[in-house]
Amino acid sequence: MNELAESLEVLELGTGWVDVIAEAELETEVGVPALVGAHAVAVFRTHDGELFAVSNIDPRTGSSVIARGIVGSRGEIPTVASPLYKEVYDLRTGYCLDDQSKRLEPYEVRIVGGIVQVRGIDGGR
């Protein structure tokens, strides 16, 4: 079994981290789309160096576009605005600040050995 297949298997079991991108290649406030197992994920680094990962699927349209969103903040809340209808989401929780009925699935993110890794909250989905 190759490394990618092993990563997908571990993710599907809900226990593992998946390599997404080299830390050095993750630009500040520029989203990176990634396929983590069967999940479309958007990874962000904010201006203060914090990392976030949320679903890349816009809940309003079903389009895979959140990584192209505008990163910013509302007060102390790090946010991303959908590039389609400009709804603003809390990067920490995924909740839409404009419409509480909409939410991006949040993912855990970390850096290990210079690699940004993502997995579902509490070990997977």
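Residues numbered from 1 in each chain as written. Predicted model: local features only at pLDDT ≥ 70, side-chain atom pairs only at ≥ 80, totals over all residues. Heavy atoms only, no water.

*Asks:* Would you take a moment to explain the pattern of salt bridges for this structure?
*Replies:* When the charged atoms of two side chains lie near each other, side chains of opposite charge can form a pair. Here the structure, examined in full by the defined rule, presents seven salt bridges. One salt bridge connects Glu 23 with Arg 45, and the closest N-O pair in it is separated by 3.9 Å. In this pair, Glu 23 sits in the loop between strand 1 (18–22) and strand 2 (32–36) while Arg 45 sits in strand 3 (residues 39–45), placing the two residues 22 residues apart along the sequence. The class of Glu 23 is partly exposed, set by a relative accessible area of 29%. Given a relative accessible area of 13%, Arg 45 falls into the buried group. Ionic pairing is found between Arg 92 and Asp 90, a salt bridge with its closest N-O pair at 2.9 Å. One continuous salt-bridge network, built from bridges that share partners, spans Arg 60, Glu 87, Asp 99 and Lys 102. (Salt bridge = Lys/Arg side-chain N within 4 Å of Asp/Glu carboxyl O. Helix = DSSP H or I, 4+ residues; strand = E, 2+ residues; numbered from the N terminus. Buried < 20%, exposed > 50% of the residue type's maximum accessible area, 1.4 Å probe, protein only.)

*Asks:* Even after reading the chapter, I still don't get the nonpolar core, so can you show me in this structure?
*Replies:* Side chains of nonpolar character tend, in soluble globular proteins, to be buried together. Ranked by internal contacts, the top residues of the largest apolar core, which has 13 residues, are Leu 26, Val 36, Val 41, Val 43, Ala 53 and Val 118. Contributions of two or more residues to this core are made by strand 1, strand 2, strand 3, strand 4 (51–55) and strand 9 (115–120). If sequence neighbours within four positions are ignored, Ala 53 has contacts with Val 41, Ala 42, Val 43, Glu 105, Pro 106, Tyr 107, Val 109 and Val 118. Grouped together as the second largest cluster of nonpolar side chains are twelve residues, Ala 42, Ile 66, Ala 67 and Leu 104 included. (Core = buried A, V, L, I, M, F, W, Y, C linked by side-chain atoms within 4.5 Å. Contact = heavy atoms within 4.5 Å.)

*Asks:* Is there a simple way to explain the environment of Val 20 in this structure?
*Replies:* Within the secondary structure layout, Val 20 lies in strand 1. Since its relative accessible area comes to 23%, Val 20 is described here as partly exposed. For the pair Val 20 and Val 32, spaced twelve residues apart in sequence, the C-alpha to C-alpha distance is 8.9 Å. Not counting residues up to four positions away in its chain, the partners in contact with Val 20 are Ala 34, Val 36, Val 43, Ile 115, Val 116 and Val 118.

*Asks:* Could you clarify how one ought to interpret the environment of Arg 60 in this entry?
*Replies:* With respect to the helices, strands and loops of the structure, Arg 60 is situated in the loop between strand 4 and strand 5 (70–74). Residues Arg 60 and Leu 84, spaced 24 residues apart in sequence, show a C-alpha to C-alpha distance of 9.1 Å. Discounting chain neighbours no more than four positions away, the residues touching Arg 60 are Tyr 85, Glu 87 and Lys 102.

Functional significance is not addressed by these values, which are geometric in nature.
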